[in-house]
Amino acid sequence: GDIIFNSGRVAECMYVTHQGRFRIQYRVQELDNVAVTPSSFLKSRAMEEFVFDDSEWICEVSLFTAKFVHQCTLQSESFTDAFTFSRKDLFTCVVRSPRSTGFVYRYAQEYIAVAPHMPSFMPLEMQSLR
């Protein structure tokens, strides 16, 4: 299948999977939910993977950080639909709808508060507040 993004690359957007089958491959982290650099990622222990065909939000952390490094690889396993949502898209939405600013602010605060308590064996970008 097609590679949607690779581990070790800077994340530029959030992905929303819509239909199809996807595979995520990642290394089990020895770190405690900190931003992973490419060199520390390569030192991680074991490779894990799972396949899913549900709608998912992946890498929403990229909406709130400028230089988050992908900690996993996302690949399509069949004909798929996935959409992207970038920091620029988020900015445009907030500018066009000022009422959404409060929601985005509260969501970012909650995400930042919850992130340190999410399981450290899973890449941060795969963890969502949904």
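To be clear, the structure that these remarks concern was listed above.
Residues numbered from 1 in each chain as written. Predicted model: local features only at pLDDT ≥ 70, side-chain atom pairs only at ≥ 80, totals over all residues. Heavy atoms only, no water.

Colleague: Before we go on, may I ask you to explain helix α3 (residues 100-114) in this structure?
Modeller: Since the α-helix turns once every 3.6 residues, residues separated by three or four places project in the same direction. With 15 residues, α3 should cover 21 Å at 1.5 Å per step; its first-to-last C-alpha distance of 21 Å lies within 8% of that length. Those residues of α3 that fall on the buried side of the exposure criterion are Ser100, Val104, Tyr107, Ala108 and Tyr111. Down the axis of α3, the sector holding all buried residues measures 100 degrees, keeping them to one side. Counted as exposed and oriented over 90 degrees from the buried face of α3: Tyr105 and Arg106. (Helix = DSSP H or I, 4+ residues; strand = E, 2+ residues; numbered from the N terminus. Expected span 1.5 Å × (residues − 1). Buried < 20%, exposed > 50% of the residue type's maximum accessible area, 1.4 Å probe, protein only. Arc of directions from axis to C-beta.)

Colleague: Would you explain the pairing of strand β2 (residues 13-19) in this entry?
Modeller: In the case of a regular strand, side chains alternate between the two sheet surfaces. Both β2 and strand β7 (residues 81-86) contribute to a ladder of 6 bridges, which runs antiparallel. Of the residues in β7, the one forming a bridge with Gln19 is Asp81. As paired strands, β2 and strand β5 (residues 56-58) are joined by 3 bridges and run antiparallel to one another. Residue pairing for β5: Tyr15 is matched across the bridge by Ile58. (Pairing = 2+ DSSP bridges.)

Colleague: I tried to follow the packing of aromatic side chains on my own but got confused; where do I start?
Modeller: The geometry of two aromatic rings is summed up by the distance between their centres and the angle between their planes. Under the criterion given, the structure shown has 6 aromatic pairs. Ring centres 6.5 Å apart and planes at 75 degrees place the aromatic pair Tyr26 and Phe50 in the edge-to-face group. Separated by 24 residues along the polypeptide, Tyr26 in strand β3 (residues 22-27) and Phe50 in strand β4 (residues 47-52) bring together distant segments of the chain. Judged by its relative accessible area of 31%, Phe50 is partly exposed. When the centroid spacing of 6.1 Å and the interplanar angle of 35 degrees are considered together, the rings of Phe103 and Tyr107 count as tilted. Linking Phe103 with Tyr107, this pair stays in helix α3, spanning 4 residues, or about one helical turn. Its relative accessible area of 53% is what places Phe103 among the exposed residues. (Phe/Tyr/Trp six-rings, centres within 6.5 Å; stacked < 30°, edge-to-face > 60°.)

Colleague: Just checking my understanding: could you explain the side chain of Ser62 for this structure?
Modeller: With respect to the secondary-structure elements, Ser62 resides in the loop between β5 and β6 (72-76). At 3.3 Å, the side chain of Ser62 forms a polar contact with the backbone nitrogen of Met14. In this structure the side chain of Ser62 is engaged in a polar contact, spanning 2.8 Å, whose partner is the backbone oxygen of Cys59. Once residues lying within four places of it in the same chain are set aside, the contact partners of Ser62 are Ala11, Glu12, Cys13, Met14 and Arg87. (Polar contact = N/O pair within 3.5 Å; in protein donor to acceptor, adjacent residues only side chain to side chain. Contact = heavy atoms within 4.5 Å.)

Colleague: I keep staring at the sheet that holds strand β1 (residues 3-5) and nothing clicks. Help me out?
Modeller: Note: strands within a sheet are paired through backbone hydrogen bonds, in either parallel or antiparallel orientation. Strand order in the open sheet made by the 4 strands is β1-β6-β3-β4, with antiparallel pairing throughout. Unpaired on one side and paired on the other, β1 and β4 mark the two borders of the sheet. For this sheet, the mean inter-axis angle between neighbouring strands, taken without regard to orientation, is 25 degrees. Where β3 lies against β6, 5 bridges are found, and the strand directions are antiparallel. Bridge pairing in β6 places Gln25 opposite Thr73. (Axes fitted to C-alpha atoms, helices over the stretch in contact; angles between N-to-C directions.)

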